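Structural overview
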Amino acid sequence: MKKILNISLFVAFLSLIAVNGNSQVVMKDFLSANHVGEVSKSFNNNGNSLFYKFEYVSTEGARINYKLHLYKDKAMSKPWMSFDVLMRNLNWTYYVDITMKKDGADKVAAMIFKKDLRWSRVKYSPHPDCMRMNPPFYERYTIGAESESPEVLFYSLLNNFIMQLDKNVDFNCYAGNM
Amino acid sequence: MRLKHLTLILLSGIMIFSGGCGKNASEGDNPLYNAVSKPSSDVSGKFLLEWWNELFKFVSTERLSPPDAARMFAYVSVGVYEAQICGTKDYLTLEGQVSELSDLPRPEKGKEYDWTVCVSETMYLVQDGMMARYFPAGVGVFNKLHEKQLAESKAAGLADDVIERSQQYGKDLADAIIEWSEGDKYTETRYLQYKAPSREGHPEMWEPTDFNQTALEPFWGTHRPFFVKDANQCDIDKAPAYKGIGDTTGELYKQALKVYNVDKSLTEEQRTMAQYWADDPSETSTPPGHWMEMFGNFVKAEDMKLDRASEIYALMTMAMNDACITVWHTKYRVDLVRPKTVIQENIDPSWEPYVETPPFCGYTSGHSGFSGSAATILTALIGDNKPFIDSAHVNIGLNPRAFKSFQAAADEAAISRMYGGIHFDCDIFDGLEQGRCVGNYYLENLKTHPKRQGDMKTTEAKKED
């Protein structure tokens, strides 16, 4: 009886770890902080690094507003360009929507991360003259090992999103439209 | 002379008295009407929203599938309708009309009941019975709501014996509804094993589109419907052929190419629609719940009375449940491949749709079936070209959307599945047709309000006009 109880407790403990492992990928604390990163060998910066900052703006119910700033210099002193970002952290899905404006027409680049499946996909059809690849090509991104910290997992998610956009989108096309 | 006078007075009294009773009985069509209680047509139906809202949350957090949610909503709605039916002169019971619904308990004649308490008790216990396998996840919330509504009835000055009697009736009715629900084959299909047919030699057949997928509810089409005769009634089969890798001329390939091209140049409006109607089971109340939420706005805005609100909930949810049964029957009978498979085989091997492809065959679209049936019922019972704003998804951060009519909302819900990359045109339009077929059958054949019945126009009748 005692053995059965021990096994049950162990199984419950493992389940708890698994559940927390999934939910901690997008912790609440992450969604009111700024996030800074770098895409090396950027297509949009002549093979040099492209720097970015997700700057927290506000939270309105389920809508978490950020501003994405792109920088061409490591000092990140003045943004090359900026975009409005909407994040939504739901029960099982985490969405990041970047609004790109051109000539009065908005289009949204979306990253959708399924927490339980631990993979994300990027969907964006840029304005026709803003495509770097035609048709656009986005790869499914499977997030790393569960042993990694939630911070590392979260940053890799955002970084992969910007990296895939860098490959597919000519950011310069949006200059002056923000 | 005095005796004659007295006799006349007595006779007049009897005539007036019997005339009064007779008048009550003949005014309405409902033979079950209980004249000693406050009519359910005088009671606001807004308290129903508190229950539905909690159930919607529960469906989302427990990740109920759309068929599961549709079934639960329908049984609870029938319970609600029957719990108040003796309080209304104009509406008729579903007993004897809906499949195998018989021998329902009824209130004692001449005794006073409170229909709000009856309904609240029935909802509380039917949802409990339907959701038993998920508990104790949501039990606390429902217990609190039940206690709150009971306390409100007491605070309103309702007599203890009326409350007790009403609760007892609600309990008896809930038991009967639960027992009735157990005969719909749901329990049996939980234990059936399904092996998806091989696509070898049959490239048109569905296969899972991801590593984690297993076929969802392959036997749902064998369940007992509420009112359509069986799953074949609104069945449809106009799916185009597909010859597999190398087929770049067939109709299904053309529809796949359309899905692909639309995705590659998706406009912001199309993307918004795809996202809005995704009605993801893990984040929302699923498509049937979404339609109930849309109707809930009318219950609130119009302060709809309990009898009318209950009728619309019952008809709409039963029709959605039956549409689901017929659509699922079609899905696994036709067994048609999804756009993702055709696109990856013939156009772009790495393509991913905007919305995640659900784990079941594509033809016909479930959302189209739900939407077609719900919109048909709501159009007939609330009105055509009735503009409304839907804010069902504000809680998941999506902005409200405006629609000019229920049918326009259904059309948008259906086409959104193509924008989302998970359905072909044939899935969408044939699914809508199926849903509307079910909705029209309900409107033409189920008698809930005989006086109004002739005034209602079904979608088919409108087409003829």
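Residues numbered from 1 in each chain as written. Chains lettered and ligands numbered in written order. Predicted model: local features only at pLDDT ≥ 70, side-chain atom pairs only at ≥ 80, totals over all residues. Heavy atoms only, no water.

1. As for the overall build of chain A
Counted only if it meets this: The helix count covers DSSP runs of H or I at least four residues long, the strand count covers runs of E at least two residues long, and both are numbered beginning at the N terminus. Buried, partly exposed and exposed residues are distinguished by accessible area as a fraction of the type maximum, computed with a 1.4 Å probe on protein chains only: under 20%, between the cut-offs, and over 50%, respectively. In this analysis, two residues are considered to be in contact whenever any of their non-hydrogen atoms come within 4.5 Å of each other. Surface accessibility follows the Shrake-Rupley procedure with a 1.4 Å probe radius. Residue values consider only the protein chains on display as shielding.
Scanning chain A from terminus to terminus reveals two helices and eight strands. The order of helices and strands in chain A, counted from the N terminus, is α-β-β-β-β-β-β-β-β-α. Counting over 178 residues, chain A shows a buried share of 46%. Summarising the internal contacts of chain A: among those between residues at least 6 apart in sequence, 48% fall at separations of at least 24. In the structure as shown, chain A presents an accessible area of about 8,700 Å², 55% of it carried by carbon and sulfur atoms.

2. Thoughts on the confidence of the model for chain B
All names here are of chain B. Our working definition: Values of pLDDT, ranging from 0 to 100, describe the predictor's confidence in every residue of the model.
Confidence along chain B averages 92 in pLDDT terms, with 90% of residues attaining 70 or more. The low-confidence segment residues 6-26, where pLDDT is below 50, has three contacts with residues more than four positions distant or belonging to other chains. Both confidence scores are given for the complex: pTM 0.90, ipTM 0.84.

3. A word on the packing of aromatic side chains
Residues and elements named next belong to chain B. What counts, and what does not: What counts as a ring pair is set by centres within 6.5 Å for rings of Phe, Tyr and Trp (its six-membered ring), and what kind of pair is set by the plane angle: stacked under 30 degrees, edge-to-face over 60, tilted for all other angles.
Within the structure shown, the criterion is met by 34 aromatic pairs over all chains. A ring pair is formed by W52 and Y313, whose centres lie 5.3 Å apart and whose planes are at 40°; its orientation type is tilted. Taken as a pair, W52 in helix α2 (residues 47-61) and Y313 in helix α11 (residues 306-334) lie far apart in primary sequence, 261 residues in all. For the pair formed by W52 and Y313, the shared burial category is buried.

4. Notes on the nonpolar core
To keep it simple, the criterion reads: Definition used in this section: a nonpolar core is a set of buried Ala, Val, Leu, Ile, Met, Phe, Trp, Tyr and Cys residues joined via side-chain atoms within 4.5 Å.
Counting 136 residues, the largest nonpolar core has L48, W52, W291, F295, M316, M318 and Y442 of chain B as its most contacted members. A per-element tally of this core places α11 of chain B first, with 17 residues. Excluding anything up to four places from it in sequence, W52 of chain B contacts F73, V76, S77, M123, M292 and Y313 of chain B. Ranked by size, the runner-up nonpolar core spans 39 residues in total, among them F30, Y124, I143 and L153 of chain A.

5. A closer look at the interface of chain B and chain A
The line we're drawing: The term buried area denotes the loss of accessible surface (1.4 Å probe radius) that occurs when two parts are joined, taken as the sum for both partners. A pair is scored as a salt bridge if a Lys or Arg side-chain nitrogen falls within 4 Å of a carboxyl oxygen belonging to Asp or Glu. In the analysis that follows, any N or O atom pair within 3.5 Å is treated as a polar contact, provided that within protein one partner can donate a hydrogen and the other can accept it, and provided that, for residues neighboring in sequence, both atoms belong to side chains. When residue character is reported, Ala, Val, Leu, Ile, Met, Phe, Trp, Tyr, Cys and Pro are called nonpolar, Asp, Glu, Lys and Arg charged, and the others, Gly included, polar.
Opposite the 32 residues of chain B that make contact, chain A presents 28 residues. Counting each side, the surface lost to burial between chain B and chain A is near 2,400 Å², with a carbon and sulfur contribution of 42%. Summed over the shared surface of chain B and chain A, the result is eight salt bridges. Here K123 of chain A and D263 of chain B are joined by a salt bridge, their closest N and O atoms 2.9 Å apart. Applying the counting rule to chain B against chain A returns 19 residue pairs in polar contact (both at pLDDT 80 or more). Residue classes in the side of chain B that touches chain A are distributed as ten nonpolar, eleven polar and eleven charged.

6. Observations concerning the sheet that holds strand β5 (residues 93-102) of chain A
Paired through their backbone hydrogen bonds, the strands of a sheet run either parallel or antiparallel. Residues and elements named next belong to chain A. Stated precisely, the cut-off is as follows: Strand pairing is defined by DSSP finding a minimum of two bridges between the two strands. Axes here refer to lines fitted to C-alpha atoms; in helices the fit is confined to the stretch in contact. Angles between the N-to-C directions go from 0 to 180 degrees.
The strand order β1-β2-β3-β4-β5-β6-β7-β8 describes an open sheet built from eight strands, whose pairing is antiparallel. The sheet terminates laterally at β1 (35-39) and β8 (141-142), the two strands that pair on one side only. When β5 meets strand β6 (residues 105-114), the two strands line up antiparallel, connected through ten bridges. Residue pairing for β6: M100 is matched across the bridge by K107. Across the face of the sheet, helix α2 (residues 150-168) comes into contact with β1, β2 (50-60), β3 (63-71), β5, β6, β7 (119-123) and β8 while running at roughly 30° to β5.

7. Comments concerning the environment of W206 of chain B
Residue and element names in this part refer to chain B. For W206, the position within the fold is in the loop between α7 (186-189) and α8 (251-264). When its relative accessible area of 2% is taken as the criterion, W206 is described as buried. Ignoring sequence-local partners within four residues, the contact set of W206 consists of R199, Q213, A215, D335, L336, V337, R338, P359, F360 and C361.

8. Examining the packing of helix α13 (residues 366-381) of chain B against helix α15 (residues 425-445) of chain B
Relative placement of two packed helices is described by the angle separating their axes and the distance separating the axes. Residue and element names in this part refer to chain B. Put simply, the test is: For classification purposes, an angle smaller than 35 degrees is called roughly parallel, one larger than 145 roughly antiparallel, one from 65 to 115 roughly perpendicular, and anything else oblique. Should the near helix be turned anticlockwise from the far one by less than a right angle, the crossing is termed left-handed; should it be turned clockwise, right-handed.
Contact pair α13 / α15: the axes reach a minimum separation of 6 Å and the direction vectors enclose 40°. The pairing of α13 with α15 is recorded here as oblique in orientation. The element α13 and its partner α15 pack so that their crossing is right-handed. Contacts between α13 and α15 involve S368, G369, G372, S373, T376, I377 and A380 on the former and, on the latter, D427, I428, G431, L432, G435, R436, G439, N440, Y442 and L443.

9. Observations concerning unusual backbone geometry
Note that the residue after N134 of chain A, namely P135 of chain A, is joined by a cis bond; omega there is 0°. Along the polypeptide, P135 of chain A turns up in the loop between β7 and β8. With a phi close to 45°, D279 of chain B is a non-glycine residue in the positive phi region. Position of D279 of chain B among the secondary structure elements: in the loop between α9 (268-276) and α10 (286-301). In this structure D279 of chain B comes out as buried when scored by relative accessible area, which is 2%.

10. Side note on α13 of chain B
Residue and element names in this part refer to chain B. The cut-off we apply is this: The span one expects for a helix is its residue count, reduced by one, times 1.5 Å.
In this model, α13 (16 residues) spans 23 Å end to end at C-alpha, consistent with the 22 Å of a helix rising 1.5 Å per residue. With 16 of 16 residues buried, α13 is to be regarded as a mostly interior element. For α13, the side-chain oxygen to backbone nitrogen distance between the N-cap and H367 is 3.4 Å, and the N-cap itself is S365. Downstream of α13 by one or two residues, G383 has phi in the positive range, about 140°.

11. Description of the state of the cysteines
All names here are of chain A. Test applied: The rule for a disulfide is simple: a pair of cysteine sulfur atoms within 2.5 Å.
Tallied over the full model, the rule gives two disulfides over all chains. A sulfur-sulfur separation of 1.9 Å characterises the disulfide bridge that pairs C130 with C173. Its torsion about the S-S bond being -50°, the disulfide of C130 and C173 is classed as left-handed. Note that C130 is positioned in the loop between β7 and β8 and C173 in the segment after α2, a separation of 43 residues in sequence. For C130, a relative accessible area of 0% translates into the label buried. The exposure class of C173 is buried, given its relative accessible area of 13%.

12. Thoughts on the packing of α13 of chain B against helix α14 (residues 406-419) of chain B
All names here are of chain B. Relative orientation of the contacting elements α13 and α14 amounts to 175°, with a least axis distance of 8 Å. Overall, the two elements α13 and α14 adopt an arrangement that is roughly antiparallel. For the pair α13 and α14, contact is made by H367, S368, S371, G372, A375, T376, L378 and T379 and by F406, Q407, A410, A413, A414 and R417, respectively. Here the contact of α13 with α14 is built from residues that sort into six nonpolar, seven polar and one charged.

13. Looking at the pattern of salt bridges
What the rule picks out here adds up to 38 salt bridges over all chains. Here E356 of chain B makes a salt bridge to R121 of chain A, at a shortest N to O gap of 3.9 Å. One end of the pair, E356 of chain B, is in the loop between α12 (339-346) and α13; the other, R121 of chain A, is in strand β7, on a second chain. When the shortest N-O distance is used, the salt bridge between R224 of chain B and E100 of chain B registers 2.8 Å. A residue pair is termed long-range when its members are at least 10 positions apart, and R224 of chain B in the loop between α7 and α8 and E100 of chain B in the loop between α3 (66-84) and α4 (115-130) qualify at 124 residues. One connected set of salt bridges, linked through shared partners, spans K114 and R121 of chain A together with D280 and E356 of chain B.

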